[in-house]
Amino acid sequence: MGPALSTIIPRGGRLRRLGSSAAWAALVFLLPPAALSAAPWVDDLRCEYRSSPLGVDETAPRLSWTLRAPGDGARGVVQSAYRILVARDRALLDSDRGDIWDSGKVDSARSFDVRCGGLPLASSQGCFWKVKVWDGEGRESPWSGTGSWTMGLLAPSDWKAKWIGRNPLLDP
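Criteria and thresholds
- Residues numbered from 1 in each chain as written.
- Predicted model: local features only at pLDDT ≥ 70, side-chain atom pairs only at ≥ 80, totals over all residues.
- Heavy atoms only, no water.
- Helix = DSSP H or I, 4+ residues; strand = E, 2+ residues; numbered from the N terminus.
- Buried < 20%, exposed > 50% of the residue type's maximum accessible area, 1.4 Å probe, protein only.
- Contact = heavy atoms within 4.5 Å.
- Areas by Shrake-Rupley, 256 points an atom, 1.4 Å probe, with all protein chains shown as cover.
- Salt bridge = Lys/Arg side-chain N within 4 Å of Asp/Glu carboxyl O.
- Phe/Tyr/Trp six-rings, centres within 6.5 Å; stacked < 30°, edge-to-face > 60°.
- Lys NZ or Arg CZ within 6 Å of the ring centre and 35° of its normal.
- Pairing = 2+ DSSP bridges.
- Core = buried A, V, L, I, M, F, W, Y, C linked by side-chain atoms within 4.5 Å.
- Polar contact = N/O pair within 3.5 Å; in protein donor to acceptor, adjacent residues only side chain to side chain.

Draft legend 1. Expanded view of the overall build of the protein chain. From N to C terminus, the protein chain includes three helices and ten strands. Helices and strands in the protein chain line up, N terminus first, as β-β-α-α-β-β-β-β-α-β-β-β-β. When burial is assessed residue by residue, the protein chain has 28% of its 172 residues classed as buried. For the protein chain, the share of sequence-separated contacts (at least 6 apart) that also reach a separation of at least 24 residues comes to 60%. About 11200 Å² of surface is accessible on the protein chain, with carbon and sulfur atoms providing 56% of the total.

Structure below.
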């Protein structure tokens, strides 16, 4: 680290030049704790208690995530709100749009068993989702990574298979 991070601090009537690590240490003790704290983030996205499941048979799947905070700040961090986006296409989700569901900001500490709302889901449909949260002090997290799930066959008419067995016409 170069001289840009060095600083001059008065000590005993004299000015003293400190190296970069000493400058950072001085900042840690001089700044209020709120200035050093960072926003929480979200990971471990789950749908129906699984990571990226295939064949989900719930028409309104339950979504869950884990709230994380930096370092020892993880204790006592609470979620005060969330926003979920669900899209059919990952590119659409990457542009922060959800064509299936945009929950909007929901004031809730709930981070598990949140039912997917919005448009009805179809058999074999792929879904991509992400979430952001706000902590108890109103700090907004960045968007989570992308989670996904694929719907299963929801109606009996979706099943197109035939029974496997002996054909009495071919095997006398």
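What follows picks up the thread again.
Draft legend 2. Main features of the pattern of salt bridges. Applying the stated rule across the entire model yields ten salt bridges. Note that Glu48 and Arg62 form a salt bridge whose closest N and O atoms lie 2.5 Å from each other. Linking Glu48 in the loop between β3 (41-47) and β4 (54-56) with Arg62 in strand β5 (residues 62-68), this pair joins segments that are 14 residues apart in sequence. Residue classification places Arg62 among the partly exposed positions, given a relative accessible area of 21%. Residue Lys132 pairs with Glu140 through a salt bridge whose shortest N-O separation is 2.3 Å. A relative accessible area of 10% means that Lys132 is categorised as buried.

Draft legend 3. Structural context of the packing of aromatic side chains. This structure, assessed with the given rule, holds two aromatic pairs. An aromatic cluster is present here, built from Trp65, Tyr82 and Trp129 joined pairwise through their rings. The lysine or arginine in question, Lys105, covers the ring of Trp134, its NZ or CZ lying 4.5 Å from the ring centre. One residue, Arg110, lies across the ring of Phe112, its end atom 5.0 Å from the ring centre.

Draft legend 4. Just the sheet that holds strand β7 (residues 101-102), in detail. Judged by pairing direction, the sheet is mixed, and its five strands sit side by side in the order β4-β10-β9-β6-β7 without closing on themselves. In the strand order of this sheet, the two ends are held by β4 and β7, each with one partner. Across four bridges, the pairing between strand β9 (residues 126-135) and strand β10 (residues 147-151) is antiparallel. Along β10, the bridge assignment pairs Phe128 with Ser148.

Draft legend 5. Quick peek at the nonpolar core. The biggest cluster of nonpolar side chains holds 20 residues, and the ones touching the most others in it are Trp65, Ile84, Val86, Trp129 and Trp149. For this core, the secondary-structure elements that each account for two or more residues are β3, β5, β6 (79-87), β9 and β10. In this structure, Ile84 is in contact with Leu63, Trp65, Trp101, Asp102, Ser103, Val114, Trp129, Lys130 and Val131, ignoring residues within four places of it in sequence.

Draft legend 6. Spotlight on the side chain of Gln79. One can find Gln79 in strand β6. Side-chain polar atoms of Gln79 contact the side chain of Trp65, separated by 3.0 Å. In this structure the side chain of Gln79 is engaged in a polar contact, spanning 3.2 Å, whose partner is the backbone oxygen of Ser108. For Gln79, the contacting residues outside a window of four places in its chain are Trp65, Leu67, Ser108, Ala109, Arg110, Ser111, Val133, Trp134 and Asp135.

Draft legend 7. Local environment of the pairing of β10. Here β10 shows one buried face, formed by Gly147, Trp149 and Met151, and one open face, formed by Ser148 and Thr150. Pairing analysis gives two bridges linking β4 to β10, with the strands arranged parallel. Its bridge partner being in β10, Val56 is matched across the sheet by Met151.

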